[in-house]
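# Tertiary structure, described
Letter by letter, the chains look like this.
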Amino acid sequence: MRAQIVLYDGFDPLDVVAPFEILSAGSEFVGGDLEVSLVAAEGARSVTSGTRGLALAATAALDPADSGCVLVPGASGPIAGDPDDGVETIPVLLARAAQTELSPLLAKAFDNPEITVAAVCGGSVIMAMTGLIEGRHAVTHHLGLDLLDASGVKAVAARVVDDGDLVTAGGVTSGLDLGLHLLDRWYGPRIAHAVEELFEYERRGVVWRDTGREPQEV
């Protein structure tokens, strides 16, 4: 199985590194069964993040025919500012990523029954902008929930939202919880717990699914 974590210009480093480390540690506990790699739509290249010019290397092209998981991070940059004045805000960076070859590759990944598409923070906004997750349950950073709603996504204010082949997480640190949830889904709670102990981190919040009883108003 392979977990492909996507890099694009302006990505948020923690959205990438947090799940990368969690999944890589999980791979060690399952004897290397899980391959974790950094990829880009354009192929192997150095990709500059939105945080002080920090760059990471994509070692291969995103392959939507592979089995496993494709994980899309959010962007890092200013929240406020006028794009007409050249301010590359987070929405500008997300919209730019959505207009690249990444979007058709993600569409192919959704068509592959052997792939789970995941996102941290604004990664779900990228997919929402191109209609890839219309009608699906998803979460993003709390400042972007209205963007999901406006794109026809059923936004859920939860730490992690599991909608089958779509698993999304909220703000930047939720990439830790997303990674642990994916390990739990694939390999069971013992593996996820072993990684929790290694990192001295406990998952936060309930993983929201569209199942069970509806809560009554109180």
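Structural notes, computed from the coordinates. Keep in mind the model is a prediction, meaning the values are calculated, not measured. (Residues numbered from 1 in each chain as written. Predicted model: local features only at pLDDT ≥ 70, side-chain atom pairs only at ≥ 80, totals over all residues. Heavy atoms only, no water.)

The mixed open sheet is built from 8 strands, whose spatial order is E5-E2-E1-E6-E7-E11-E10-E12. Each edge of the open sheet is held by one strand with a lone partner, namely strand E5 (60-61) and strand E12 (207-208). Across 6 bridges, strand E1 (residues 2-7) lies against strand E2 (residues 35-40) in parallel orientation. Each residue of the ladder has a partner; that of Ala3, found in E2, is Val36. Contacting E1, E2, strand E6 (68-72) and strand E7 (115-120), helix H1 (residues 13-29) crosses the sheet at an angle of about 165 degrees to E1. (Pairing = 2+ DSSP bridges. Helix = DSSP H or I, 4+ residues; strand = E, 2+ residues; numbered from the N terminus. Contact = heavy atoms within 4.5 Å. Axes fitted to C-alpha atoms, helices over the stretch in contact; angles between N-to-C directions.)

This part takes up unusual backbone geometry. The bulk of non-glycine residues show a negative phi, and the bulk of peptide bonds are trans. The backbone of Arg52 shows a phi angle near 50 degrees, a positive value even though the residue is not glycine. Relative to the assigned elements, Arg52 resides in the loop between strand E3 (45-48) and strand E4 (55-58). Positive phi is not limited to glycine here, since Glu200 has a value of about 50 degrees. Turning to its location among the elements, Glu200 is positioned in the loop between helix H7 (189-199) and E12. Taking the relative accessible area as the measure of exposure, Glu200 reaches 75% and is therefore exposed. (Buried < 20%, exposed > 50% of the residue type's maximum accessible area, 1.4 Å probe, protein only.)

This is a description of form; function is not addressed.
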